[in-house]
Amino acid sequence: MLPLYLEKLNPYELSVRAEFLKKLSEECRLCPNECAVNRLSGETGNCQSSYEVMISSYGPHFGEEPELVGLYGSGTIFFTNCNLSCVYCQNYDISQLGVGHKISIEELADIMISLQRRGCHNINLVTPTHFVPQIVEALLIAIEKGLEIPLVYNCGGYESVETLKMLENIIDIYMPDIKYSDNEIAERLSGIKNYWDVVRAAVKEMHRQVGDLHIDRMGIAKRGLLVRHLVLPNNLSGSQKVIDFIADEISKDTYLNIMDQYHPAFNAGKYNDLNRRITTDEYDKVINYAISRGLRRGFS
Ligand code: SF4
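Each value, and the rule that gives it
Residues numbered from 1 in each chain as written. Predicted model: local features only at pLDDT ≥ 70, side-chain atom pairs only at ≥ 80, totals over all residues. Heavy atoms only, no water. Helix = DSSP H or I, 4+ residues; strand = E, 2+ residues; numbered from the N terminus. Rg over C-alpha atoms; globule rule 2.2 N^0.38 Å. Buried < 20%, exposed > 50% of the residue type's maximum accessible area, 1.4 Å probe, protein only. Contact = heavy atoms within 4.5 Å. Areas by Shrake-Rupley, 256 points an atom, 1.4 Å probe, with all protein chains shown as cover. Lys, Arg positive; Asp, Glu negative; His and termini not counted. Charge placed at Lys NZ, Arg CZ, Asp CG, Glu CD. 1 Å grid on protein atoms, 1.4 Å probe; cavity = no way out; pocket = protein on both sides within 12 Å on 5 of 7 lines; lining within 4 Å. Points joined across faces, edges and corners; volume = space filled by probe spheres on them. Nonpolar A, V, L, I, M, F, W, Y, C, P; charged D, E, K, R; others polar. Salt bridge = Lys/Arg side-chain N within 4 Å of Asp/Glu carboxyl O. Near = heavy atom within 4 Å. Sits in = over half its atoms within 2 Å of the grid points. Expected span 1.5 Å × (residues − 1). Phe/Tyr/Trp six-rings, centres within 6.5 Å; stacked < 30°, edge-to-face > 60°.

## Things to note about the overall build of the protein chain
Along its length, the protein chain carries 11 helices and 9 strands. The C-alpha radius of gyration of the protein chain comes to 18 Å, within 12% of the 19 Å expected for a compact globule of 300 residues. With respect to the three principal axes, the spread of C-alpha positions in the protein chain is 50 × 45 × 30 Å. Residues classed as buried in the protein chain amount to 56% of the 300 residues present. In the protein chain, once contacts between residues fewer than 6 apart in sequence are set aside, the share between residues at least 24 apart is 71%. Element-wise, carbon and sulfur atoms account for 48% of the exposed surface of the protein chain, whose accessible area totals about 12,800 Å². For the protein chain, the distance from the average site of its 30 positive side-chain charges to the average site of its 39 negative ones is 2 Å.

Here you go:
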C-alpha cells in the first residue's frame, strides 16, 4: 500500500494546498483558537509560534503503539509549542516553555528523509497543528528526494475541519487524543473553548478521510484512525462519554488506546482534583465500559 500522498496527489495539488494553508497563517485560523495574528510577519498567538518552524527533537521512537513502532521505530518529529495549554502536560518543557530550535523547511524535509533511511516505519508528526503549512511544503521537497513512508498526524484533537480538509490524501494515519468530554473542564485544564464540540467534528472528519486503522501482515499500521484517551483522576476525562461517542458515531472497530500513565506534572499540583495518579479501579472501569460498548481494538 502506497502512502496517500503518492497514491492520490501530484506535486501541483500539494503546492496549491501548501499555499492555501500559508494564507490561513496570515490571519491565523489554522486551529480553532482562531487567533487572527499574522504569523508570516512574526506575530504569535496562543501557540506562541511565528511562521518559522521549531522542533525539539527527532529520531526513531519506541514508546509509541506497537503498530507504529514495528522493528525499527516510529520516526517522530517533536514540534515545539502547542495550540493547547494543558496544566498537567507531561512534555511541558517542549509544549509550554518553548524548548527547541528553529529549522528551515528544507531541513524539515531532510529530517523526514533521514528518518526513512534509518528504517522508521512512518513519519510521526508530534503536535503538528500550528506548523501544518510548513509540513506540507516540506513534504513536496521530501517526496522529490524519495519519501515513501506513511505520515502520522499525532495531535491533541483541537483541530479545525477546514485545515483537516487540506490534509486529505496527505495524512495516512490520524492519531488524535480525545482528552475530555466536557467543554468547561477542557477550558479549565487546557485553556481552550468548545473542546468537546471541536474534537467530535475533527475526529469525524479524520475518520471520513482514512477510515478504521489498517494494519498489514507484518503488524505495521499503514492507514486509518488511532484514538488516544488518557484517563484522568476523578473522571475529569469524562471517559464514558468519549467511549459512547466512538462506539456510536465513529466505529466499533476504532483502535482506541486507553492510557493509564497519568501522573501529576507541570502545574497539576495546583489542582486538587489532578494531584494524584489514577487508581486501578478507575482504569478498570473505563476498560470494562469500553468492552461493554463493543470496542475491542487498542487496549487489553
Ligand atoms: S495555530 Fe497558533 S496562532 Fe494559529 S489559530 Fe492556532 S493557536 Fe492561534
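Back to the write-up after that little detour.
## Topic: the layout of surface pockets
Over the atoms, a rolling probe the size of a water molecule traces out where space has been left empty. Its volume calculated, the largest pocket comes out at about 890 Å³. Within the residue set of the lining of the largest pocket, elements represented by two or more residues are β2 (74–79), α4 (92–95), β5 (151–155), β8 (221–230) and β9 (255–259). Among the residues forming the lining of the largest pocket, the class breakdown is 13 nonpolar, 13 polar and 5 charged.

## Notes on the pattern of salt bridges
Evaluated as defined, the whole model comprises 21 salt bridges. Its salt-bridge partner being Glu-7, residue Arg-223 comes within 3.2 Å of it at the nearest N-O pair. Of this pair, Arg-223 sits in strand β8 while Glu-7 is found in helix α1 (residues 4–7), placing the two residues 216 residues apart along the sequence. Asp-273 is the salt-bridge partner of Arg-188, the closest N and O atoms lying 2.7 Å from each other. In this pair, Arg-188 sits in helix α8 (residues 183–190) while Asp-273 sits in the loop between β9 and α11 (280–292), placing the two residues 85 residues apart along the sequence. Judged by its relative accessible area of 21%, Asp-273 is partly exposed.

## Quick notes on the site of the ligand
Near the ligand the following residues occur: Cys-28, Leu-30, Cys-31, Asn-33, Glu-34, Cys-35, Val-37, Arg-39, Gly-45, Asn-46, Cys-47 and His-130. Assessed atom by atom at 2 Å from the grid points, the ligand resides in the largest cavity. For the shell around the ligand, the per-class residue count stands at 6 nonpolar, 4 polar and 2 charged.

## Section: helix α5 (residues 105–117)
Taking 1.5 Å as the rise per residue, α5 with 13 residues should run 18 Å; its terminal C-alpha atoms sit 19 Å apart, in good agreement. Where the residues of α5 are buried, they touch β1 (53–61), β2, β3 (101–103), β4 (123–126) and α6 (132–144). A positive backbone phi angle near 95° is found at Gly-119, which sits one or two residues after α5.

## Some points on empty space enclosed by the protein
Overall, the coordinates contain 1 cavity of 30 Å³ or more when judged by the stated rule. Computed from the structure, the largest cavity encloses a volume of approximately 100 Å³. For the largest cavity, the lining is made up of 14 residues, of which Cys-28, Cys-31, Cys-35, Arg-39 and Cys-47 are closest to its centre. For the lining of the largest cavity, the class distribution of residues is 6 nonpolar, 5 polar and 3 charged.

## Things to note about the packing of aromatic side chains
Using the criterion set out here, one finds 7 aromatic pairs in the structure. Both rings, one in Tyr-92 and one in Phe-266, keep their centres 4.8 Å apart while their planes meet at 15°; by these two values the pair is stacked. A residue pair is termed long-range when its members are at least 10 positions apart, and Tyr-92 in helix α4 and Phe-266 in the loop between β9 and α11 qualify at 174 residues. The class for Tyr-92 is partly exposed, based on a relative accessible area of 32%.

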